[in-house]
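# Structure at a glance
What follows is each chain in one-letter form.
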Amino acid sequence: MAQITPQIEESWKQVLWDQFQAPYFADLKSFLVEEKRHYKVFPPGPYIFNAFDSCPFDKVKVVIIGQDPYHDDGQAHGLCFSVQDGIPFPRSLVNIFKELSDDVGFQMPRSGNLQKWAKQGVLLLNATLTVRAHQAGSHQGHGWETFTDCAIRRLSEQRSGIVFLLWGNFAIRKRELIDERKHYVLTAAHPSPLSAARGFFGCHHFSKTNALLQSMGQEPIDWQL
């Protein structure tokens, strides 16, 4: 089997090298090649590993877990819940901003691009890193979850003091990958309009995260965009 050399930030390449060489990842790559022959796939290739490229392994302070990328044109750029500049805010992102406003006095931004958070150490990780255009969940079950579960597990094993924000049942199931003797886990309902009023609004996760970081002598996250 030919060795796969991924275009990903160097520290993550080292941490996840064995995954890139695993048979399931070769199968995943073949699946993506075939998908791209027949369909539009989001996000664009250079953004598939954007969450990792924007937040090196040893710089991660906070992890937010999403399910899969936005599937409409121009939205996805490799950071969960984030959209590119100039794109209207999806409803879940609007609710995230509403909770931020209530929690820390956040001012509604002009852009929903969360790259600023990533640069401060927030790993904005979707469980599935690609999606077929206009077909939500279409790339689930093809190997990405094995890869991203491994990334979460390696953070849990090799780092300490990370704050994991798990929103909704899908993300909360990732709790089993995290050693809570070394890390902090905050859970809430998903920010989707279907569930935000059932426990996302009022969770105060953003102020709680900063309080935890400061208690460990770390710089808080500047959530304002």
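Above this text you will find the structure in question.
Summary of the structure given here. Values in this document were obtained by computation on a predicted structure and should not be read as measured data. (Residues numbered from 1 in each chain as written. Predicted model: local features only at pLDDT ≥ 70, side-chain atom pairs only at ≥ 80, totals over all residues. Heavy atoms only, no water.)

### Topic: the overall build of the protein chain
What the protein chain contains, in helices and strands, is nine helices and six strands. For 225 residues, the compact-globule estimate of 2.2 N^0.38 gives 17 Å, and the protein chain sits close to it at 17 Å. Within the protein chain, the fraction of its 225 residues that count as buried is 56%. Accessible surface, the protein chain: about 10,300 Å² in total, of which carbon and sulfur atoms supply 49%. The distance from the centre of the 23 positive side-chain charges to the centre of the 23 negative ones in the protein chain is 1 Å. (Helix = DSSP H or I, 4+ residues; strand = E, 2+ residues; numbered from the N terminus. Rg over C-alpha atoms; globule rule 2.2 N^0.38 Å. Buried < 20%, exposed > 50% of the residue type's maximum accessible area, 1.4 Å probe, protein only. Areas by Shrake-Rupley, 256 points an atom, 1.4 Å probe, with all protein chains shown as cover. Lys, Arg positive; Asp, Glu negative; His and termini not counted. Charge placed at Lys NZ, Arg CZ, Asp CG, Glu CD.)

### Describing the sheet that holds strand E2 (residues 62–66)
Here we have four strands laid out as an open sheet, ordered E3-E2-E5-E6, and parallel in their pairing. Lying at the two open borders of the sheet, with one neighbouring strand each, are strand E3 (122–126) and strand E6 (184–188). When the angles between neighbouring strand axes are averaged without regard to direction, this sheet yields 20°. Pairing of strand E5 (residues 163–167) with E6 involves five bridges; the strand directions are parallel. Paired with Trp167 across the two strands is Ala188, which belongs to E6. Each of E2, E3 and E5 touches helix H7 (residues 144–158); the most contacted strand, E3, lies at about 150° to it. (Pairing = 2+ DSSP bridges. Axes fitted to C-alpha atoms, helices over the stretch in contact; angles between N-to-C directions. Contact = heavy atoms within 4.5 Å.)

### Comments concerning the environment of Ser138
Among the secondary structure elements, Ser138 is positioned in the loop between strand E4 (131–132) and H7. Judged by its relative accessible area of 19%, Ser138 falls in the buried class. Looking at Ser138, its side chain comes within polar contact range of the main-chain nitrogen of Arg132, at 2.9 Å. (Polar contact = N/O pair within 3.5 Å; in protein donor to acceptor, adjacent residues only side chain to side chain.)

### Re the side chain of Glu35
Considering the arrangement of structural elements, one finds Glu35 in helix H3 (residues 23–38). Since its relative accessible area comes to 6%, Glu35 is described here as buried. Side chain to side chain, Glu35 and Arg132 meet in a polar contact 2.8 Å long. Beyond its immediate stretch of four places on either side in the chain, Glu35 contacts Val41, Arg132 and His139.

### Considerations on the pattern of salt bridges
The final tally for this structure, using the stated rule, is ten salt bridges. One salt bridge in this structure joins Arg181 and Asp179, with 2.9 Å as the shortest N-O distance. Exposure remark for Arg181: the relative accessible area of 76% places this residue in the exposed category. (Salt bridge = Lys/Arg side-chain N within 4 Å of Asp/Glu carboxyl O.)

### Some remarks on the packing of helix H5 (residues 91–104) against helix H9 (residues 205–215)
Relative orientation of the contacting elements H5 and H9 amounts to 60°, with a least axis distance of 8 Å. As judged from the angle between their axes, H5 and H9 are oblique. The residues of H9 that touch H5, namely those facing Ile96, Glu99, Leu100, Asp103 and Val104, are His205, Phe206 and Ser207. Of the residues contributing to the contact of H5 with H9, the split by class is four nonpolar, two polar and two charged. (Parallel < 35°, antiparallel > 145°, perpendicular 65-115°, else oblique. Nonpolar A, V, L, I, M, F, W, Y, C, P; charged D, E, K, R; others polar.)

### A look at H3
The end-to-end C-alpha distance of H3 is 23 Å, a good match for the 22 Å that 16 residues give at a rise of 1.5 Å each. Along H3, the residues that are buried comprise Tyr24, Phe25, Ala26, Leu28, Phe31, Leu32 and Glu35. Among the structural elements, helix H2 (17–20), strand E1 (41–42), E4 and H7 are those in contact with the buried residues of H3. (Expected span 1.5 Å × (residues − 1).)

### Description of the packing of aromatic side chains
All chains considered together, the criterion is met by 22 aromatic pairs. With a centroid separation of 6.2 Å and 75° between ring planes, the pair formed by Tyr24 and Phe25 is classed as edge-to-face. An angle of 55° between the planes, with centres 6.2 Å apart, marks the rings of Phe200 and Phe201 as tilted. Judged by relative accessible area, Phe200 falls into the buried class, the value being 0%. Members of the aromatic cluster, each reached through a chain of ring pairs, are Trp12, Phe20, Tyr24, Phe25, Phe49, Phe52, Phe57, Trp144 and Phe147. Positioned above the aromatic ring of Phe201, the side-chain terminus of Lys98 is 4.7 Å from the ring centre. A cation over an aromatic ring shows up here: Arg132 above the ring of Tyr39, its NZ or CZ 3.7 Å from the ring centre. (Phe/Tyr/Trp six-rings, centres within 6.5 Å; stacked < 30°, edge-to-face > 60°. Lys NZ or Arg CZ within 6 Å of the ring centre and 35° of its normal.)

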